[in-house]
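Close look at the chain arrangement
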Amino acid sequence: QLQLVGSGGGLVQPGGSLRLSCAASGFTLDYYAIGWFRQAPGKEREGVSCISSSDSSTYYANSVKGRFTISRDNAKKTVYLQMNSLKPEDTAVYYCALRSGRNCAPYGYDYWGQGTQVTVSS
């Protein structure tokens, strides 16, 4: 059945990089937008980035714009989040999620992968 598996988190020093992956199975990735979200201790979950399926348009939270890059490989059924110039405030559990539609939006993410921990610390 439908499954999203997030991976790639870990411990990194400030200024370092990580690449998160979201591997999909049980559906055709081409038809759905995929978003990345994160939740830090004591804070509410926030949207980080999203990539559409219709034209691969991308969206980023202001806090990560210019540092993070989202991409998708439909043949491999995988969405990536390349995170560069990481800051301690990027520390959070990161989740990928599937939206029931081709375009990105702040709502409508109905299927979620398990979280992967990203810790940015000296």
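Anything mentioned here points back to the structure above.
Residues numbered from 1 in each chain as written. Predicted model: local features only at pLDDT ≥ 70, side-chain atom pairs only at ≥ 80, totals over all residues. Heavy atoms only, no water.

Look at Ser56: it is not a glycine, yet its phi comes out positive at around 60°. In this fold, Ser56 is placed in the loop between β5 (46–51) and β6 (58–60). At Ser85, a position not held by glycine, the phi torsion is positive, near 50°. Here Ser85 shows up in the loop between β8 (78–83) and β9 (92–99). We classify Ser85 as partly exposed; its relative accessible area is 42%. (Helix = DSSP H or I, 4+ residues; strand = E, 2+ residues; numbered from the N terminus. Buried < 20%, exposed > 50% of the residue type's maximum accessible area, 1.4 Å probe, protein only.)

With that out of the way, let us pick up the pairing of strand β7 (residues 68–73). Burial along β7 is one-sided: Phe68, Ile70 and Arg72 are buried, while Thr69, Ser71 and Asp73, pointing the other way, are not. Bridge count between β7 and β8: six bridges; the pairing is antiparallel. Across the sheet, Ile70 pairs through a bridge with Leu81, a residue of β8. The turn joining β7 and β8, which pair antiparallel and follow one another in sequence, is formed by four residues; a positive phi near 55° is taken by Lys77. (Pairing = 2+ DSSP bridges.)

A word on the state of the cysteines. Using the criterion set out here, one finds two disulfides in the structure. A sulfur-sulfur distance of 2.2 Å marks the disulfide that ties Cys22 to Cys96. Residues Cys22 and Cys96 share a disulfide whose torsion about the S-S bond is about 70°; that sign makes it right-handed. Linking Cys22 in strand β3 (residues 18–25) with Cys96 in strand β9, this pair joins segments that are 74 residues apart in sequence. Pair check on accessibility: Cys22 and Cys96 agree, each one buried. Paired by a disulfide, Cys50 and Cys104 hold their sulfur atoms 2.0 Å apart. (Disulfide = S-S within 2.5 Å.)

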